[in-house]
Amino acid sequence: MNQFKVCFHVSKLEDWPVALKNINNFINDISDESEFDIKVVANSAGVLILTNELRSELEPTMKKLSDKGVIFEFCNNALNLYKIDKKLVFDWAKVVKAGITEIVRLQELGFSYIKP
Amino acid sequence: MNQFKVCFHVSKLEDWPVALKNINNFINDISDESEFDIKVVANSAGVLILTNELRSELEPTMKKLSDKGVIFEFCNNALNLYKIDKKLVFDWAKVVKAGITEIVRLQELGFSYIKP
Amino acid sequence: MNQFKVCFHVSKLEDWPVALKNINNFINDISDESEFDIKVVANSAGVLILTNELRSELEPTMKKLSDKGVIFEFCNNALNLYKIDKKLVFDWAKVVKAGITEIVRLQELGFSYIKP
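Thresholds applied
- Residues numbered from 1 in each chain as written.
- Chains lettered and ligands numbered in written order.
- Predicted model: local features only at pLDDT ≥ 70, side-chain atom pairs only at ≥ 80, totals over all residues.
- Heavy atoms only, no water.
- Helix = DSSP H or I, 4+ residues; strand = E, 2+ residues; numbered from the N terminus.
- Rg over C-alpha atoms; globule rule 2.2 N^0.38 Å.
- Contact = heavy atoms within 4.5 Å.
- Areas by Shrake-Rupley, 256 points an atom, 1.4 Å probe, with all protein chains shown as cover.
- Least-squares fit on C-alpha atoms with pLDDT ≥ 70 in both.
- Buried area = accessible area lost by both parts, 1.4 Å probe.
- Salt bridge = Lys/Arg side-chain N within 4 Å of Asp/Glu carboxyl O.
- Polar contact = N/O pair within 3.5 Å; in protein donor to acceptor, adjacent residues only side chain to side chain.
- Nonpolar A, V, L, I, M, F, W, Y, C, P; charged D, E, K, R; others polar.
- Core = buried A, V, L, I, M, F, W, Y, C linked by side-chain atoms within 4.5 Å.
- Buried < 20%, exposed > 50% of the residue type's maximum accessible area, 1.4 Å probe, protein only.
- Expected span 1.5 Å × (residues − 1).
- Bend = angle between axes of the 7 residues up to and from the residue.
- Pairing = 2+ DSSP bridges.
- Axes fitted to C-alpha atoms, helices over the stretch in contact; angles between N-to-C directions.

Q: What is the right way to read the overall build of chain A from this model?
A: From N to C terminus, chain A includes 4 helices and 5 strands. Ordered by position in the sequence, the α and β elements of chain A form the string β-α-β-α-β-α-β-α-β. Relative to the compact-globule value of 13 Å for 116 residues, chain A shows a C-alpha radius of gyration of 13 Å, a close match. Restricting to contacts in chain A with at least 6 residues of sequence separation, those with at least 24 account for 76%. Accessible area for chain A stands at about 5,100 Å²; split by element, carbon and sulfur atoms hold 47% of it.

Q: What am I meant to see in the relation of the copies chain A and chain B here?
A: A rotation about an axis combined with a shift along that same axis relates the two copies of the chain. If you rotate chain A by 120 degrees and push it 0.0 Å along the axis, it lands on chain B with an RMSD of 0.0 Å. A rotation of that kind, with that shift, is consistent with a three-fold axis. Minimal C-alpha separation from the rotation axis in chain A is found for Lys115(A), amounting to 4.1 Å. Looking at chain A, a mere 11% of its interface residues are interface residues in chain B too, so the copies touch through different faces.

Q: Explain the interface of chain B and chain C to me, please; I cannot follow it from the model alone.
A: Buried accessible area, meaning the area lost when the parts come together, often serves as the stated size of an interface. Chain B puts 18 residues into the contact, and the matching count from chain C is 17 residues. For chain B, the biggest contributors to the area lost against chain C are Asp29(B), Ser112(B) and Ile114(B); these three give 31% of the whole. In this assembly, chain B and chain C are joined by 2 salt bridges. With a shortest N-O distance of 3.9 Å, Lys12(C) and Asp15(B) are connected by a salt bridge. Our enumeration of links across chain B and chain C arrives at 6 residue pairs in polar contact (both at pLDDT 80 or more). For the side of chain B that touches chain C, the secondary-structure elements that each account for two or more residues are strand 1 (2–10), helix 1 (16–30) and strand 5 (112–114) of chain B. Here the element with the most residues in the side of chain B that touches chain C is helix 1 of chain B; it accounts for 7 residues. Split into classes, the residues belonging to the side of chain B that touches chain C amount to 9 nonpolar, 4 polar and 5 charged.

Q: Quick question: what am I supposed to make of the nonpolar core here?
A: One recurring pattern in soluble globular proteins: nonpolar side chains tend to sit buried together. Ranked by internal contacts, the top residues of the largest apolar core, which has 128 residues, are Trp16(A), Trp16(B) and Trp16(C). In this structure, Trp16(A) is in contact with Val10(A), Val40(A), Ala42(A), Gly46(A), Ile49(A), Leu58(A), Met62(A), Phe72(A) and Phe74(A), ignoring residues within four places of it in sequence.

Q: So what exactly am I meant to see when it comes to the relation of the copies chain B and chain C here?
A: For these two chains of identical sequence, chain B goes onto chain C by a turn of 120 degrees and a shift of 0.0 Å along the axis, with RMSD 0.0 Å. When the interface residues of chain B are mapped onto chain C, a mere 11% of them again lie at the interface, so each copy presents a different face.

Q: Where do I start with helix 2 (residues 54–67) of chain C in this structure?
A: Residues spaced three or four apart along an α-helix point in a common direction, a consequence of the helix completing one turn every 3.6 residues. Residues and elements named next belong to chain C. Spanning 14 residues, helix 2 covers 20 Å between terminal C-alpha atoms, matching the ideal 20 Å at 1.5 Å per step. Maximal helix bending in helix 2 amounts to about 30 degrees, located at Pro 60. Here helix 2 has its buried residues at Leu 54, Arg 55, Leu 58, Met 62, Leu 65 and Ser 66. Elements that come into contact with the buried residues of helix 2 comprise helix 1 (16–30) and strand 3 (71–75). In the stretch just after helix 2, Gly 69 is the one whose phi turns positive, near 115 degrees.

Q: How should I be thinking about the sheet that holds strand 2 (residues 34–42) of chain A in this particular structure?
A: Two orientations exist for strands paired in a sheet by backbone hydrogen bonds: parallel and antiparallel. Read across the sheet, 5 strands follow the order 4-3-2-1-5 (chain A) without closing on themselves; strand pairing throughout is parallel. Every other strand in the sheet has two partners, leaving strand 4 (94–96) and strand 5 (112–114) of chain A as the edge strands with one partner each. Ignoring which end each strand starts from, the neighbouring axes of this sheet average 30 degrees apart. Here strand 1 (residues 2–10) of chain A runs beside strand 2 of chain A; their pairing, made up of 9 bridges, is parallel. Paired with Phe8(A) across the strands is Val40(A), a residue of strand 2 of chain A. Where helix 4 (residues 99–108) of chain B meets the sheet, its contacts fall on strand 1 and strand 5 of chain A, and the angle it forms with strand 5 of chain A comes to roughly 140 degrees.

In structure tokens:
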């Protein structure tokens, strides 16, 4: 059983729809034959999904991906920068201290990197 | 003889000119001393090059790169999303089932990743 | 002592502020426990920082990062493309022959790749 390890880096609000489509396509493409470890790391303006009107539109898709095992991580530095209350982070998502450190750590663990 | 393995990820129409310039510069820089395995994976709005007026302007450059061994791959999910007939894919290019899977697979094979 | 090796790829003028913030956050996050080898490779329109009014605003931050060991590299192909005199490259920065070759070489040396 192959296991794909992939880190998606979302640093712009407008990259979310493409990122989610990418992940859906990827999971559909591999799911019959492989397991996956997918992390989505949102930093910089990527965290603005939490306060933007796009949130209500995209949350159901994100939640479904979370239920399938995709892990969503929000950078605490970016939350502070944009003064976003941590309570706004989805229940099913994580906060990481520094998004870049997380992305570097993941690549060191063998994760492929995708910038949508 | 060194062999460089590089995957260029083109997910936006406007990234094509820079991507092609990057690849040309790269090949010119290394070609005397090294071989290369270069894949250009177009997904999301990157596939719009096939139907955009930019096509006729860039196709000669792309074809020349293809003749030098660069492999251009178009994501079938993106072709479907934008309702682009596969017949529009250049004769000398490939269609891959899912662009993201291809990019991940390439990184697992040791390809470097470049987002132009 | 862990050593983080990271390559930041700046190919657009407007990506500089986010890139510098990313690097600052990263260094602050890891500096107590780890060493780092950080290269910032500017190619394509990333080199326009040298002639843009943003230069005077960002240079102090860049210089501070340089003093901490971050290495800034400017692509000579891009300098030629935009007809930027090499004398405009910061004293504390480097010029590399081809930015893409440098980024590929760094990834082959085990550097993680970040596109801000």
